Amino acid sequence: MAGVSFRGVSKVFPGGAVAVDRFDLEVENGEFMVLVGPSGSGKTTVLRLTAGLEEMSDGEILIGDRVVNRVHPMDRDIAMVFQNYALYPHMTAAENLGFGLKLHKVRKPEIKRRVEEAARILGISQLLSRKPAQLSGGQRQRVAMGRAIVREPAAFLMDEPLSNLDAKLRVQMRSEIQRLQHRLGTTTLYVTHDQTEAMTMGDRVAVMRNGRLVQVDAPQALYDRPADLFVAGFIGSPAMNFLQARLQSRDGSVVAEIGGTSLTLPERALPGSVARLRDHDVIVGIRPEHVEDASLCGPANGRLVFEAPVALAEPMGAEVVTHFELDAPPLVTRDTVDLARDLGAEPLNGSAPQDREDNATFTARLDPRSRAVRGLSMSLVVDPSSIYFFDPDTESALR
């Protein structure tokens, strides 16, 4: 086993497209590190650079104490699990498991021992004589995992290994991979675009955007203390609500004016940098799970109360995911500008134009007893201490 270090790693493809930009990360020995980000963020390229399947433009990658920039993929002492399993269709499960060892000229008795041990750990001993076409998706994934295990590598690299499985099997395999990694103690670099996988599986999570590392921390720390608007919106489901607000002083309090809604914020609930921003614009962030139905939670007791009409209610059994329409313009961020440009729409600059008829939307995860009906106006309650604040120019979190 060994740690993996990335030092100023960059990858520029022919034509100038920057896939990875000055990537620095230390993955500790035995750590389960998850790389997460949207499509095109560079996470799979980082994995392929680590495996030697892509050539770096700049920087160094170390596996243990060895710089592997010019080391052949077969000699890097890593094992990779691919999204599409990459099993040989003409080989049995046992032959697929042992093929890498055969290439490394491991003796047959040792190959047999390792294959049987990996099959026992993964519960596929009875499947060793079958070919991939005779296996279910979950069984093929276990064979792909076993092929990595038998190598006994310094590190595992996993590229979205669960994305081809159905939802129920994905949850099951998620827990199995965690148990397996904890049992083996092998350093693991795991790539996913699914923030639920990232939050539930990783010892730490590295969030990527546009080829850059935005924030790396323990899952709960990412949720509680996001570095910027992107991380705050990416971590959490449904995503955090973002609203443009103007902070003003009124009767000794700070009032956040959000379109036609005014929220009086006690100074004790404001970060120091926010309390000083009188007559300034900020971005307010509120997680859907921090919103309650006022009719079900008794006296507000210092919490904020505001009204909003229901646009859509989605009963989920344990909760009602409710979407509201606020009397406020929609927030324009770098992401919305980029999306508009990608779709060929006229990009918006700064703030939403005054002639736009769209209103800001707001999502809440409410108690299933809530009477959330389309068109009904509801009173919602938010604890001011759970509100996040972001700089509208830099999109960084305000502490």
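For the structure itself, consult the block above.
Residues numbered from 1 in each chain as written. Predicted model: local features only at pLDDT ≥ 70, side-chain atom pairs only at ≥ 80, totals over all residues. Heavy atoms only, no water.

S.K.: Would you mind going over unusual backbone geometry with me for this structure?
M.R.: Excluding glycine, most residues fall at negative phi; most peptide bonds, likewise, are trans. Between S237 and the following residue, P238, the backbone shows a cis peptide bond with an omega angle of -5 degrees. Positive phi is not limited to glycine here, since N210 has a value of about 50 degrees. According to the relative accessible area criterion, N210 is exposed, its value standing at 56%. (Buried < 20%, exposed > 50% of the residue type's maximum accessible area, 1.4 Å probe, protein only.)

S.K.: Help me understand the nonpolar core, please; the structure alone is not making it clear to me.
M.R.: For soluble globular proteins, nonpolar side chains are generally found buried alongside one another. Counting 44 residues, the largest nonpolar core has I177 and Y190 as the members making the most contacts within it. The residues touching I177, leaving out its near neighbours within four places in the chain, are F32, M145, M158, P161, L162, Y190 and M201. Among the nonpolar cores identified, the runner-up in size contains 33 residues, and L247, L265, V320 and F324 belong to it. (Core = buried A, V, L, I, M, F, W, Y, C linked by side-chain atoms within 4.5 Å. Contact = heavy atoms within 4.5 Å.)

S.K.: How should I be thinking about the environment of D251 in this particular structure?
M.R.: Here D251 shows up in the loop between β11 (241–250) and β12 (253–258). Under the relative-accessibility criterion, D251 is labelled exposed at 78%. Remark: the alpha-carbon pair of D251 and A308, spanning 57 residues in sequence, is separated by 25 Å. (Helix = DSSP H or I, 4+ residues; strand = E, 2+ residues; numbered from the N terminus.)

S.K.: Explain the packing of helix α4 (residues 137–149) against helix α5 (residues 167–184) here, please?
M.R.: Packed helices, taken two at a time, are described by the angle their axes make and the gap between the axes. Viewed as axis vectors pointing N to C, α4 and α5 meet at an angle of 15 degrees, and their least axial separation amounts to 12 Å. Comparing the axis directions of α4 and α5 gives the class roughly parallel. For the pair α4 and α5, the crossing hand works out as right-handed. Across from G138, Q141, R142, M145 and I149 in α4, the residues of α5 making contact are L169, Q172, M173, E176, I177, L180 and L184. (Axes fitted to C-alpha atoms, helices over the stretch in contact; angles between N-to-C directions. Parallel < 35°, antiparallel > 145°, perpendicular 65-115°, else oblique. Left-handed = near helix turned anticlockwise from the far one by under 90°.)

S.K.: Please explain α5 as it appears in this structure.
M.R.: Along an α-helix, residues three or four positions apart point the same way, because every turn accommodates 3.6 residues. With 18 residues, α5 ought to run about 26 Å at 1.5 Å a step, and its terminal C-alpha atoms sit 26 Å apart, in line with that. Within α5 the residues assigned to the buried category are L169, M173, R174, E176, I177, Q178, L180 and Q181. Buried residues along α5 sit in contact with β3 (32–36), α3 (108–122), α4, β7 (155–159), β8 (187–192) and α6 (195–201). For α5, the N-terminal capping position is held by D166, with its side-chain oxygen 3.3 Å away from the main-chain nitrogen of K168. Residue G185 follows α5 closely and has a positive phi angle near 70 degrees. (Expected span 1.5 Å × (residues − 1). Polar contact = N/O pair within 3.5 Å; in protein donor to acceptor, adjacent residues only side chain to side chain.)

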